[in-house]
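What the coordinates show
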2 protein chains.
Amino acid sequence: MNLDEIYAPVKEDLKLVEAKLGDIARNDIPLLSQMLEYALLNVGKRVRPALTLLSSKFYNYDLDLLVPMAAAVELLHIGTLVHDDIIDNSATRHGKPAVYRTWGSNSALLLGDYLFSRAGSLATTTENTRVIRRFTETLMIISGGELREASTHFEPGGARDNYYKWISDKTACLFVMAAECGSVLSGCPEDQVLALKDYAQNFGLAFQIIDDILDFVGDESTLGKPVGSDLSEGAMTLPTIIYLQHNPEDPLIYKVIVERDKSLVPEAVAKIRDSGAIDECKEIAREFYGKASGSLDKLPDCDARGSLNALVAYVIERNK
Amino acid sequence: MNLDEIYAPVKEDLKLVEAKLGDIARNDIPLLSQMLEYALLNVGKRVRPALTLLSSKFYNYDLDLLVPMAAAVELLHIGTLVHDDIIDNSATRHGKPAVYRTWGSNSALLLGDYLFSRAGSLATTTENTRVIRRFTETLMIISGGELREASTHFEPGGARDNYYKWISDKTACLFVMAAECGSVLSGCPEDQVLALKDYAQNFGLAFQIIDDILDFVGDESTLGKPVGSDLSEGAMTLPTIIYLQHNPEDPLIYKVIVERDKSLVPEAVAKIRDSGAIDECKEIAREFYGKASGSLDKLPDCDARGSLNALVAYVIERNK
C-alpha cells in the first residue's frame, strides 16, 4: 500500500489539519510568518497527525477536538526538529536548508519555542486535562532524554539498552502521546488505549531504527540530507552498536565516536553498511513491527486498524 | 519596605514554592539535575511566584493549586532566561556564568525546552483549562515578540511604540499571566481579575524600564552583569530612545545600533547616562507605578494589596 491508500480513512481530515497548519503559519509578525510557512508547510509525511487521527477512528471521532490535536502533535514535532537541527548542526531538513541555516540560530531557537507554545495552546482547546497533561509532558521526556544521551559515556556493553531508551524518549514518546491523545479524545476504553500506546511505542522504535539505517544506506538526494550524519555527530545508533558487538577489536568506531575523528566517517559508514549490521537492524525493526501488529489485534477490526498496521509496514520499507 | 516585609503575607508559602523547585531539580538524569540546581535554586528575587501568590490572597487561597502554579510561573521565566542568554550571548546571570557558558549552548537549549515543558505540566495540575491555556500561550507571546523585535528596523519615529510593545510581550506578559492565573484560581470576580491584570501589565512595564535603566547606571558587581549589554547587542531600550529623541543629530546611536560598532558602546553609555534620559525614564516608570497602584484600588483592602503596591515601589527603587 502506498501512503495515500494508507491514509484513505482520514484523507479529508488530514486536509483539515493541513489547513489548520496553514492558518497557524499566517501571522501578523512577517518574520515569524515566513519562518512558519517554511518550517510547517509542504514538509514531511504527516505520520504523527495521521497516527493521531487513525487512533481516534475506533470510537467517537470528533473533528472539533481531533483536528487541533493532530495539528498540535505536528507542531510539537516540528519544534523539536527546528531545535535538533541547531544542536546537530544539520545542514538540511526535508531536502532544503535547515531553518537555522536560513534565519540564524537565534531566530530558529525562538521559532522552536513559539512552536512548542502554539502546540500547547492548541492542545488545551480539547479541554481534556489528561490529554493536555500528556501533551505538555512530552517535550520534557524528549529534551530530558537528549540530555541523558549527551551525558552517556562510550560503553559498548550498555550501548544497546541506552539506544532503546534514547529512541524511546526522542521518537516513540511522541508517537505514544499522539496515539494516547487521539484515542482518549475518542472515548476509547482504557484497555484499548493501552493497546494503541503499545502499538505506537513499537511503531516509534521501528520508525527510528529505519531512520538510523537510512543514515547509512540512504540515497542522499532521496533522503534530503547527507549519509553518515549520525557518526559525524558522534551518535552511536543501532547499526554502529551491532557492528561494534560483532567487531569489538576494530578501533575505528572508538576513533569516530569518542575521538571524533571525522575524517574516518566515510570509512566507518562503508564498513558498517557492508557488514551484516544493517540486515540485523532491519530484522529488529521487523520484530517491533510484529509487536505493533500484535497490539492492534486488541482493537476492533476496521479500515483504520488496517491503516495503522500498513503504516508501520510502509515505514519499514521506506527509503526516505 | 524591604522585600521580606513585602513578601510577609505569603512568606511561608514562598518556602513551599522553593521546596517545589528543589524537588524539580532532583532528577534521575545527573546532567539535568546539575543544570536544574544551578539554574533554579538560590537565584533571583522570586518576584513572579510572589506576584502569583499575592494575587490569589483576596479570595479562596488554595495552596494545592497555587504552589504548583507559582512554581510553574518561575520555571517558565527561568526557561526564557536560559534561552535569552544563549541568544544575547550574555556572560553572566544572577552574578554567575550563564547556563550555556557552563554546559554549552546545546545543553542549555535542551534545558530551556525541559523547563518549558515541566512548567506546562505543572500548570496542568491545576486542572483549570482557562489557566492552562493562558499559561501555554505565554511563551508564544514572548518568543513571537522577540522575533518581531528582531525584524524591526531602526526607525527613531516609531521606536517608543515598538519598545512598549516589545517589553509588554517579553516582560509584562508573564506578570499578567501570573496575576491572572493566581486570581482565577482563587475564584476572584472577573472585574477584579481584570484589575489585577491591569496592575500586572503596568508593574511589568515599570519593572522592565528599571531593568533597562540599570543597564546604563547599575553597578556591575551588584547587578551581576556588565553595563551597556543592551547597546552591545544592538537593543534600543527606553534610555537610548529618549536620548535619540532629544539628540536626533547625534550619529553615535546609529553607529552603535545599526552599524554595530561595539567600540563606541562605552561612549554611548556615558552620554546617555549623563543626559536627562535616565531621569525621564524613571519618571515614566513612576507613571506606570501610579497606574498599577490605581488598579489595585478596585481590590479589597488587605495586607496582600499593600504588598502588591509596595512590590512595584520596591522594584522602582531597586539597584539590581
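Note that this is a predicted model, so its numbers are computed, not measured. (Residues numbered from 1 in each chain as written. Chains lettered and ligands numbered in written order. Predicted model: local features only at pLDDT ≥ 70, side-chain atom pairs only at ≥ 80, totals over all residues.)

Focus on the overall build of chain A
To keep it simple, the criterion reads: Think of it this way: any DSSP run of H or I at least four residues long counts as a helix, any run of E at least two long counts as a strand, and we number them from the N terminus. Both definitions apply: the radius of gyration is a C-alpha atom measure, and the globule rule equals 2.2 Å times residues to the power 0.38. Think of it as a crowd count around each C-beta: if 20 or more other C-beta atoms lie within 10 Å the residue is buried, if 12 or fewer it is exposed, and in between it is partly exposed, with C-beta placed from the backbone throughout. Here the contact rule is simple: place C-beta atoms from the backbone, and any two residues whose C-beta atoms are within 7 Å are in contact.
Along its length, chain A carries 17 helices and two strands. The C-alpha atoms of chain A give 19 Å as radius of gyration, which agrees with the globular expectation for 320 residues (20 Å, within 12%). By principal-axis analysis of the C-alpha atoms, chain A measures approximately 55 × 50 × 35 Å. Going through the 320 residues of chain A one by one, you find that 50% of them count as buried. Contacts in chain A between residues far apart in sequence, at least 24 positions, make up 74% of those at least 6 positions apart.

Focus on the relation of the copies chain A and chain B
Note that the two copies of the chain are related through a rotation about an axis and a translation along the same axis. The line we're drawing: A least-squares fit on C-alpha atoms brings the copies together, and the residues used are those whose pLDDT is at least 70 in both copies.
The two copies are related by a screw operation: chain A maps onto chain B through 180° of rotation and 0.0 Å of translation along the axis, at an RMSD of 0.0 Å. Such a combination of rotation and displacement between the chain copies is what one expects of a two-fold axis. When you check the interface residues of chain A against chain B, 100% turn up at the interface there too, and the contact is symmetric in its surfaces.

Quick notes on the interface of chain A and chain B
Note the following rule: Three classes are used: nonpolar for Ala, Val, Leu, Ile, Met, Phe, Trp, Tyr, Cys and Pro, charged for Asp, Glu, Lys and Arg, and polar for all others, with Gly counted as polar.
On the chain B side, the residues contacting the 34 residues of chain A number 34 residues. The set of elements that each furnish at least two residues to the side of chain A that touches chain B consists of helix H3 (30-40), helix H5 (63-88), helix H7 (105-124) and helix H8 (129-150) of chain A. In terms of residue count, H8(A) provides more of the side of chain A that touches chain B than any other element does, 13 residues in total. The residue makeup of the side of chain A that touches chain B, split by class, is 15 nonpolar, twelve polar and seven charged.

Some thoughts on the nonpolar core
Soluble globular proteins tend to bury their nonpolar side chains together. For clarity, the threshold we go by: Working definition: the nonpolar core is a set of buried Ala, Val, Leu, Ile, Met, Phe, Trp, Tyr and Cys residues, joined through C-beta atoms within 7 Å.
Core analysis: the largest hydrophobic core is formed by 210 residues, its most contacted members being Ala72(A), Ala206(A), Ala72(B) and Ala206(B). Top contributing element to this core by residue count: helix H9 (residues 159-185) of chain A, with 15 residues. Those residues in contact with Ala206(B) that sit more than four places away from it in its chain are Ala285(B), Phe288(B), Tyr289(B), Ala292(B), Val312(B), Val315(B) and Ile316(B).

Digging into helix H13 (residues 238-246) of chain B
Residues and elements named next belong to chain B. For H13, the tally of buried residues reaches seven of nine residues, placing the bulk of the element in the interior. Within H13 the residues assigned to the buried category are Leu238, Pro239, Thr240, Ile241, Ile242, Tyr243 and Leu244. In this structure, the buried residues of H13 make contact with helix H9 (159-185), helix H10 (190-217), helix H12 (229-232), helix H14 (252-257), helix H15 (265-273) and helix H16 (277-296).

Examining unusual backbone geometry
Although it is not a glycine, Asn89(A) sits at a positive phi angle of roughly 55°. Inspection of the secondary structure assignment puts Asn89(A) in the loop between H5 and strand E1 (92-93). Residue His94(B) is not a glycine yet carries a positive backbone phi of 50°. For His94(B), a count of 15 C-beta atoms within 10 Å translates into the label partly exposed.

Notes on the packing of helix H5 (residues 63-88) of chain B against H9(B)
Residues and elements named next belong to chain B. Cut-off, in case you're wondering: Fitting a line to C-alpha atoms yields each axis, with helices limited to the stretch in contact; the angle taken between N-to-C directions then spans 0 to 180 degrees. Angles are sorted into four bins: roughly parallel if under 35 degrees, roughly antiparallel if over 145, roughly perpendicular if 65 to 115, and oblique for all others.
Look at H5 against H9: their axes get within 10 Å of each other, and the N-to-C directions meet at 170°. In terms of orientation, H5 and H9 fall into the roughly antiparallel class. Only Leu174, Ala178, Cys181, Gly182 and Leu185 of H9 make contact with H5, whose side of the interface consists of Leu65, Leu66, Met69, Val73, Leu76 and His77. A per-class count over the contact of H5 with H9 returns nine nonpolar, two polar and no charged.

Side note on the packing of helix H2 (residues 11-25) of chain A against H5(A)
If you want to describe how two helices pack, look at the angle between their axes and the distance between the axes. Residues and elements named next belong to chain A. Note the following rule: A crossing counts as left-handed when the near helix is turned anticlockwise from the far one by less than a right angle, and as right-handed when that turn is clockwise.
Taken N-terminus to C-terminus, the directions of H2 and H5 make an angle of 60°; their axes are 9 Å apart at the nearest point. Between H2 and H5, the angle falls in the class oblique. Every pair of crossing elements has a handedness; the one defined by H2 and H5 is right-handed. Here Asp13, Leu16, Val17, Lys20 and Leu21 of H2 come into contact with H5, specifically with Leu63, Val67, Pro68, Ala70, Ala71 and Glu74.

Quick look at the environment of Leu54(A)
Residue and element names in this part refer to chain A. Structurally, Leu54 can be placed in helix H4 (residues 47-55). Residues Leu54 and Met140, 86 residues apart in the sequence, show an inter-C-alpha distance of 25 Å. For Leu54, the residues in contact, after removing those within four places along its chain, are Pro9, Val10, Ala304, Ser307 and Leu308.

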